[in-house]
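In case you want the letters, here they are:
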Amino acid sequence: MKNNINMMNKIVCFSFFLLIFFSCKHHENEYHSITDKIEAESKNYQGTSISSEAHIGDLKTIEITEGEHTFLIPERKSQIKSYACTECHTKPLAQMQSKDFKKAHWDIKLDHANENTMNCVTCHNPDNMDHLKSLTGNTIDFNHSYNLCNQCHTKQFEDWKGGAHGKRIGGWAPPRASMTCVNCHNPHKPHFESRWPARFNTQKVKERE
């Protein structure tokens, strides 16, 4: 009886070994998936390594992780002309709103949502202007401003994380670097104005009349 059990254990172990051996890549041109094949063969495609680094150039980036995705985005705060905000906002906003103070940001018109839904302090933290804030009052760093956008634009955010929405620097070449919402959209007026194509076919317009 004991010998039979030992024999069965050996058969199970050998079967498991065969399963592992044949399920893994064991020839040079065999891969688990098409993704593995693309990744392996693009590392040195026809003697050329594919990389986004040449396209990133001198752009200052930071690395973020959202869900299963880790990638680079442009660093934001050093690109904001008037940052840090507390250089002017030395007091909480409620204490600075007075007729004795000159109106600031007079050139910014908020055209993002209904005025009953959104105003400046919907996104800006009135008690610490160097940070943004979520709808629930959590602090959001200016470099992570996309976390403001994803509160309402959840579908676009999921697409952006996966690389389907927004501009990727250097295409799909690694390391992945993606523009954020505010690199393409004005956060105070995110809607793109309608524009004519660069080449407008007047002949087609006449044919459609």
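About the criteria used
- Residues numbered from 1 in each chain as written.
- Predicted model: local features only at pLDDT ≥ 70, side-chain atom pairs only at ≥ 80, totals over all residues.
- Heavy atoms only, no water.
- Buried < 20%, exposed > 50% of the residue type's maximum accessible area, 1.4 Å probe, protein only.
- Helix = DSSP H or I, 4+ residues; strand = E, 2+ residues; numbered from the N terminus.
- Arc of directions from axis to C-beta.
- Contact = heavy atoms within 4.5 Å.
- Phe/Tyr/Trp six-rings, centres within 6.5 Å; stacked < 30°, edge-to-face > 60°.
- Lys NZ or Arg CZ within 6 Å of the ring centre and 35° of its normal.

- As recorded in an unreviewed UniProt entry, the protein chain goes by Cytochrome c3 family protein and comes from Flavivirga aquimarina.

1. A look at helix α7 (residues 154-162)
- Those residues of α7 lying buried are Phe157, Trp160 and Lys161. Down the axis, α7 shows its buried residues gathered within 100° of arc, on one side only.
- Buried residues along α7 sit against β1 (61-66), β2 (69-74) and α6 (146-149).
- Phi for Gly163, located one or two positions after α7, is positive at around 100°.

2. Concerning the packing of aromatic side chains
- The full count for this structure, using the stated rule, is five aromatic pairs.
- Both rings, one in Tyr146 and one in Phe157, keep their centres 6.2 Å apart while their planes meet at 10°; by these two values the pair is stacked. You can see Tyr146 sitting in helix α6 and its partner Phe157 sitting in helix α7, a full eleven residues away along the chain.
- Residue Tyr146 is classed as buried on the basis of its relative accessible area, which comes to 2%.
- Using a relative accessible area of 11% as the deciding quantity, one classes Phe157 as buried.
- Residues Tyr146 and Trp160 carry aromatic rings whose centres are separated by 5.0 Å and whose planes lie at 40° to one another, so their mutual orientation is tilted. One end of the pair, Tyr146, is in helix α6; the other, Trp160, is in helix α7, with 14 residues separating them in the sequence. We note that Tyr146, like Trp160, is buried.
- By way of ring pairs, the aromatic residues Phe71, Tyr146, Phe157 and Trp160 are connected into one cluster.
- Lying over the aromatic face of Phe71, Arg176 brings its terminal NZ or CZ to 3.7 Å of the ring centre.

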